[in-house]
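# Descriptive structure summary
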Protein chains: 2
Amino acid sequence: MTVNRQLDSKQRFWAIPHRAVQIEDRFWQPRIAGNRRHSLPYQYQQLQSSGVLDNFKRVLGQADGAYAGPFWMDSDAYKWLEAASYSLATHPDPELEQWVDDTIALIAAAQERDGYLDTYFQWVEPDKKFTNLAMCHELYCAGHLFQAAVAHFEATGRRTLLNVACRLADHIDAIFGPGKLEAADGHEEIETALVDLYRVTGTERYLNLAIFFIGQRGKADSRFRWELGHLDEIAGKPGKPGLVNPQYYGSDEQYDGRYAQDHQPVAEQSEVVGHAVRAMYLYSAMADIVAETGDPRLLAALERLWQNVTTRRMYITGGIGPSNRNEGFTRDYDLPNDTSYAETCAAVGMIMWQHRMLQLTGEGRFADIMERVLYNGFLSGVALDSRKFFYDNPMQSAGDRHRQGWFECACCPPNIARLLASLGKYLYSRCADGVAVHLYVQGSARVSLDQGDPLILHQTTDYPWGDRIQLRLELDRPAEFALRLRIPGWCRRHGLRVNEEAADPAVENGYAVLRRRWEPGDRVELSLEMPVERVAAHPAVWQTMGRVALQRGPLVYCLEEADHPVPVARIVLSKDARFTVRFDPELLGGIALIEGEGWVPELQGWENTLYRPAGAEESYRKIPIKAVPYYAWDNREPGSMAVWISQDLIKQG
Amino acid sequence: MTVNRQLDSKQRFWAIPHRAVQIEDRFWQPRIAGNRRHSLPYQYQQLQSSGVLDNFKRVLGQADGAYAGPFWMDSDAYKWLEAASYSLATHPDPELEQWVDDTIALIAAAQERDGYLDTYFQWVEPDKKFTNLAMCHELYCAGHLFQAAVAHFEATGRRTLLNVACRLADHIDAIFGPGKLEAADGHEEIETALVDLYRVTGTERYLNLAIFFIGQRGKADSRFRWELGHLDEIAGKPGKPGLVNPQYYGSDEQYDGRYAQDHQPVAEQSEVVGHAVRAMYLYSAMADIVAETGDPRLLAALERLWQNVTTRRMYITGGIGPSNRNEGFTRDYDLPNDTSYAETCAAVGMIMWQHRMLQLTGEGRFADIMERVLYNGFLSGVALDSRKFFYDNPMQSAGDRHRQGWFECACCPPNIARLLASLGKYLYSRCADGVAVHLYVQGSARVSLDQGDPLILHQTTDYPWGDRIQLRLELDRPAEFALRLRIPGWCRRHGLRVNEEAADPAVENGYAVLRRRWEPGDRVELSLEMPVERVAAHPAVWQTMGRVALQRGPLVYCLEEADHPVPVARIVLSKDARFTVRFDPELLGGIALIEGEGWVPELQGWENTLYRPAGAEESYRKIPIKAVPYYAWDNREPGSMAVWISQDLIKQG
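The rules behind the values
- Residues numbered from 1 in each chain as written.
- Chains lettered and ligands numbered in written order.
- Predicted model: local features only at pLDDT ≥ 70, side-chain atom pairs only at ≥ 80, totals over all residues.
- Heavy atoms only, no water.
- Least-squares fit on C-alpha atoms with pLDDT ≥ 70 in both.
- Contact = heavy atoms within 4.5 Å.
- Helix = DSSP H or I, 4+ residues; strand = E, 2+ residues; numbered from the N terminus.
- Expected span 1.5 Å × (residues − 1).
- Buried < 20%, exposed > 50% of the residue type's maximum accessible area, 1.4 Å probe, protein only.
- Salt bridge = Lys/Arg side-chain N within 4 Å of Asp/Glu carboxyl O.
- Phe/Tyr/Trp six-rings, centres within 6.5 Å; stacked < 30°, edge-to-face > 60°.
- Lys NZ or Arg CZ within 6 Å of the ring centre and 35° of its normal.
- Domains from an automatic or database assignment.
- Buried area = accessible area lost by both parts, 1.4 Å probe.
- Polar contact = N/O pair within 3.5 Å; in protein donor to acceptor, adjacent residues only side chain to side chain.
- Nonpolar A, V, L, I, M, F, W, Y, C, P; charged D, E, K, R; others polar.
- Patch = residues over 30% accessible without salt bridge, like charges linked within 9 Å, V, L, I, M, F, W, Y side chains within 5 Å.
- Areas by Shrake-Rupley, 256 points an atom, 1.4 Å probe, with all protein chains shown as cover.
- Lys, Arg positive; Asp, Glu negative; His and termini not counted.
- Charge placed at Lys NZ, Arg CZ, Asp CG, Glu CD.
- Core = buried A, V, L, I, M, F, W, Y, C linked by side-chain atoms within 4.5 Å.

## Quick notes on the relation of the copies chain B and chain A
Screw-axis analysis of chain B against chain A gives a translation of 0.1 Å along the axis, an RMSD of 0.1 Å, and a rotation angle of 179°. Those values place the two copies in the arrangement expected of a two-fold rotation axis. Taken together, the interface assignments show that 100% of the residues at the interface of chain B recur at the interface of chain A, consistent with an identical surface on both copies.

Here you go:
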């Protein structure tokens, strides 16, 4: 495949790496610091206590006992290494670096001479390597190793892990490919990771292998289908036939490739299906390949898939994958609130995909979704104290859903860690004619302009609480370029001033474009009106019929029982309810609180009655209500929570 | 334990057996005929094709191969025998009787010399009898055998199956009891069946064994807990340790007896918990024991449990057990509509329990619940063609929930069959001073009055479609007694005439009591106003906030997509909507249809939008709506269904 770097070069963006971005605000900075101070050390402890590192030691003869955990335990170590490496890139920390080095040494030692590395197969089923690709996640684990290696190399300049990754990639490349083993992994991940590895090493074989892998999906002679018919020959638990996830079977007991996006060739896909994390990693890889090759059929498929998920299958929080049955997608407009799965890892994957689409196209609609997921469905995944995590993120709770310290399948905590530790890279991009600001976060970014001139862009803002963003351009000398400022899709009115003078530039693809000759110290002020809005969902979403959600700026709000005298599902809004916004620095780490009035049904007459005629006797009383950002829920005493609030069923009396 | 038959003898009822009752209406008679003509032969076929009967043959050396199905497969045969016997009692059928005799012969031949009978253990794990009581349902199967035997004996007067039952009961009695094996079955059933067996045989040991078994629940040294700690020693699948249902573990990984009502001694229980069918069979047994012993502590517990379930944990259809996780109860007011489990077997159990409470107390509130379940949450379990069945009964469907021909765990179809075949016994009771009519069904009942005088009570009615019931008393000579006519709890106004003259007798415990000297041919006419009512659920049931259900008489209605141009979840009622009722003899076997107007949201502007500000642009259009009885849903083309309808969120425009 010919590499083609000419894709839409006037339109597209190139992300500024997180190493060049400083985050100094009161919203994200404490989360990133908490991630560094609590999550990373805590997760390193978990790697030890859950047996992840012991599995490597077993291979080395340094530990005994049964293989610990599920097949994909190795990936927990790799994801932690990736997160730790991102953190080291911006916040040197000798102790963390030592843990990283120790872990890398262990991994490197466990690698076989031919490059193979997967402790489950090395320790438990050495003769079953690459036989149960649908289930056993060998290539998935390899992908996480590659991404960790790239992050570690970029953070430290050292090749200790990168060499391990390349040896494994070479081994896989020797086994898989046209005329060799023609198959891919059940859980996508290696595809996007191979592109990362290609970008760092320049080894074109890795890109071609990624292209090969995405081409394996949806073939008439599906490898996964073959495996289902040959369970006795493939990897499983010792002494038992190969494992299979029932999700690979349709209701007719036949193979159903949708679970692993194996139902159609990727370039023909139009509908987001199956396991949501797998889907997001696949689409990310497709976008990576489009970035390298310009393949228009893949780009068209991504556009169809994006339309499907954003207009039919996404929670208001940006969460995706409503069902816990397949950890994934179901059908259009099926978005249950109490059983919403909306896995945190799927939110991470959604952000990764949106970020890639944004770079490919330069279109703000992708940044809109990226921001929606980031501030809501992703951030809800981690507690304010950085020590507890949601695996699934419900839109409604009766009070029995709480974050946990760890999971048997511990994919989400290190996924959160790697995203938070690299958050900087989602904020800015270089574009052909200048620089673009996607997310408003106080801090600064170092950009190298076309002529090689350095620009430091300083942001001062209290976003998402405040509606003003001040930018100061630190330049050595005047320079002509375009400054693109994203006007979020949620924003109905914005204002712009350059050096105190009002400006009204065109908004192109969701970005206000200020093209001029900039002087050192020039200032730009952007204001984004952020009133409280009620949001309705499409009437086909039956679970939200008659309900509204509250949103302000990028934040979706919810009601929590901690702020109310009754379970929040009983609260009803009248259509003319007014809301005020007040910043409370003491509450939930400091939040803008939405306050207003709601109605709750009176309970008299209901004492020993479960059903009664709905008539004149129904009456409601007014109560003050408070809404808090969805991401901050379940950080106080346990209680009910609701994003979607009943509206206007009130007989005032 | 001293037997005490003196419980509330002035108040209590004694059910008229179904053999003495004729059902000749257009509502139930076709269902009973369908049960006889289709369900019973079809289920006999299933006993053959699913391997139930082969398991008995295996024990006899007449068949080979692996044991078929789950542990409790034998009970499918027993429940079918019970249903078939009830049917033979009212509708002789030589072919059916031959099948019954063949099946009984097979069962009798498979019984071991010591009386033991359970084909799973006989064929697969003969050395593991009575070791895994929590899971393996041996005593549960025995109970179903006893009930089949009693039904068969009462239908035919022959003891072929009763002898098998008594030998097995004697064997169990020799093994279980104080100082012997002190344990009960994880799934209650044998307890109520032993009381049945006692009543037919007069063998007091059986009653005492029933009392012993209910006394095993909630002990500090729970046998089930012991089994969890000794899985290597108890029955399981061949070559594996004992099976355990994860529901026996709480969230803290410790034993949680609630799944099998083993959390407290039964006389102390107040909350309906765990597996709903188990709970219903337990409460039925407790009521049976109260009927025999008068135990006031058991009766008080039953009253508490009844209050809990009917005022906190019951669907409007009478369905119970909202969760598929434990096939049972969760917490107060948790009644989800789309995922409602509401197992058909639990509805059968609920009817059995209500019927027993009604006989014990003579209070109409139990008949109210019995009727609610019977006409709604039970009857929905079987298709109009008597050939397909619901295992779980949702209150709302997106169009993907349909009855099936059979189930791997086929408990529900024969449970429906045995209830329909014995429906007559739920209609009338003898009471101390006369006779009581609980359910209004055209037909007749033969009653023997106190003096031995025969009374034939003729009912003419089109209930539940029509609101009039005519009773004619066929007597040989005048007789003085009380005729108690139930005034249903749903009825707000009723009228009574005796021989064309208005009467207004007192309503005692839910029954209008006509005490007089009756002449042969006397006529009574009862009218029960049955307007269409909107019903609301307690505000604590968040899943129905802002919604109402439609009810007329004993029937709960629903909307089906077959009658509407849009998915029914989008339909909204205005508060002033009026309804009319029209009988349509062609529709769904003949139903009274509720017609009116509803509103549906317009879709313009929503084409490519999943979320948008909820504002002035929302508009609705009027459509005619039709509601059909809930029991009749899913008998036409597949589509969405809803019991609970949104109300009054309308901007008319």
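Alright, that's what it looks like, and here's the rest.
## What about the environment of Ala235 of chain A?
Residues and elements named next belong to chain A. On the secondary structure map, Ala235 appears in the loop between α11 (223-228) and α12 (276-293). Placed 99 residues apart in sequence, Ala235 and Cys136 show a C-alpha to C-alpha distance of 7.7 Å. Discounting residues that sit within four places of it in the chain, Ala235 has contacts with Phe121, Glu125, Lys128, Thr131, Asn132, Cys136, Gly242 and Leu243.

## Considerations on helix α10 (residues 204-215) of chain A
Every α-helical turn comprises 3.6 residues, leaving residues that sit three or four positions apart pointing alike. Residue and element names in this part refer to chain A. The end-to-end C-alpha separation of α10 is 17 Å, in line with the 16 Å expected for twelve residues at 1.5 Å each. For α10, every residue scored as buried is listed here: Tyr206, Leu207, Leu209, Ala210, Ile211, Phe212, Phe213 and Ile214. Along its buried surface, α10 packs onto α7 (138-156), α8 (160-175), α9 (190-201), α12 and α13 (296-312).

## Considering the pattern of salt bridges
Tallied over the full model, the rule gives 84 salt bridges over all chains. The shortest N-O distance in the salt bridge between Arg199 of chain A and Asp288 of chain A comes to 3.8 Å. Taken as a pair, Arg199 of chain A in helix α9 and Asp288 of chain A in helix α12 lie far apart in primary sequence, 89 residues in all. Overall, Asp288 of chain A belongs to the buried group, its relative accessible area being 3%. Its salt-bridge partner being Asp288 of chain B, residue Arg356 of chain B comes within 2.9 Å of it at the nearest N-O pair. Pair noted here: Arg356 of chain B is in helix α14 (residues 344-361) and Asp288 of chain B is in helix α12 (residues 276-293), with a separation of 68 residues, a long-range link. When its relative accessible area of 15% is taken as the criterion, Arg356 of chain B is described as buried. Beyond isolated ion pairs, a larger network of salt bridges with shared partners links Arg199, Asp288, Glu292 and Arg356 of chain A.

## Notes on the packing of aromatic side chains
Summed over all chains, the structure comprises 57 aromatic pairs over all chains. Between the aromatic rings of Trp465 of chain B and Phe583 of chain B, the centroid separation amounts to 5.8 Å while the plane-to-plane angle is 65°, which identifies the pairing as edge-to-face. Residue Trp465 of chain B is found in the loop between β7 (454-461) and β8 (468-475), and its partner Phe583 of chain B is found in strand β19 (residues 580-584); the two are separated by 118 residues along the sequence. The exposure class assigned to Trp465 of chain B is buried, which follows from its relative accessible area of 6%. Of the residues examined, Phe583 of chain B reaches a relative accessible area of 28% and is grouped as partly exposed. In this structure an aromatic cluster arises from ring pairing among Phe27, Trp28, Tyr375, Tyr440, Tyr463, Trp465, Trp490, Phe583 and Tyr631 of chain B. Sitting over the ring of Trp306 of chain A, Arg365 of chain A keeps its end group 4.8 Å from the ring centre. Cation over ring: Arg516 of chain B sits above Trp518 of chain B, and NZ or CZ is 5.2 Å from the ring centre.

## Here's the deal with the domain arrangement of chain A
How big an interface is tends to be stated in terms of the accessible area lost upon association of its parts. All names here are of chain A. Under the domain assignment, chain A is made up of domain 1 (35-426), domain 2 (428-528) and domain 3 (532-647). Computed over C-alpha atoms, the centres of domain 1 and domain 2 are 34 Å apart. Carbon and sulfur atoms make up 50% of the surface buried where domain 1 meets domain 2, a total of about 1,000 Å² over both sides. Its largest share of buried area at the contact with domain 2, domain 1 owes to Asp368, Glu371 and Tyr375, together 43% of the area lost on that side. Put simply, domain 1 and domain 2 have two salt bridges between them. One salt bridge connects Glu371 with Arg486, and the closest N-O pair in it is separated by 2.9 Å. Put simply, domain 1 and domain 2 have seven residue pairs in polar contact (both at pLDDT 80 or more) between them. Counting residues per element, the ones that place at least two in the side of domain 1 that touches domain 2 are α14 (344-361) and α15 (364-378). In terms of residue count, α15 provides more of the side of domain 1 that touches domain 2 than any other element does, seven residues in total. For the side of domain 1 that touches domain 2, the per-class residue count stands at six nonpolar, four polar and four charged.

## As for the environment of Thr461 of chain B
Residue and element names in this part refer to chain B. Along the chain, Thr461 falls in strand β7. Distance in space between the C-alpha atoms of Thr461 and Glu525 is 9.8 Å, their sequence separation being 64 residues. Among all residues touching Thr461, those that are not within four sequence positions of it are Tyr440, Val441, Gln442, Arg468 and Ile469. A distance of 3.0 Å separates the side chain of Thr461 from the backbone nitrogen of Tyr463, its partner in a polar contact. At 2.8 Å, the side chain of Thr461 and the backbone oxygen of Arg468 are in polar contact.

## What about a positive patch on the surface?
On the surface, Lys237 and Lys240 of chain A together with Lys237 and Lys240 of chain B cluster together to form a positively charged patch. In this structure, Lys240 of chain A sits in the loop between α11 and α12. The exposure class of Lys240 of chain A is partly exposed, given its relative accessible area of 48%.

## Here's the deal with the interface of chain B and chain A
Every contact between the two is made by 54 residues of chain B and, on the other side, 54 residues of chain A. Of the roughly 4,200 Å² buried where chain B meets chain A, counting both sides, 63% is carbon and sulfur surface. Taken as a group, Trp542, Leu610 and Tyr611 of chain B account for 19% of the area that chain B buries against chain A, more than any other trio of residues on that side. At the boundary of chain B with chain A, the tally comes to two salt bridges. Between Asp400 of chain B and Arg331 of chain A there is a salt bridge, with the nearest N and O atoms lying 3.6 Å from each other. Counting across the interface, chain B meets chain A through ten residue pairs in polar contact (both at pLDDT 80 or more). Looking at the side of chain B that touches chain A, the elements with two or more residues in it are α13 (296-312), β15 (532-537), β16 (547-552), β21 (611-613) and β24 (645-647) of chain B.

## Quick word on the nonpolar core
Counting residues in hydrophobic clusters, the biggest one holds 225 residues, and the most contacted among them are Trp28, Phe146, Ile172, Phe378 and Leu483 of chain A. It is α12 of chain A that contributes the most residues to this core, 13 residues altogether. Among residues more than four places away in sequence, those in contact with Phe378 of chain A are Thr344, Ala347, Val348, Ile351, Val373, Ile416, Leu419 and Leu420 of chain A. Counting 224 residues, the second largest nonpolar core, distinct from the first, contains Phe130, Val524, Met530 and Ala537 of chain B.

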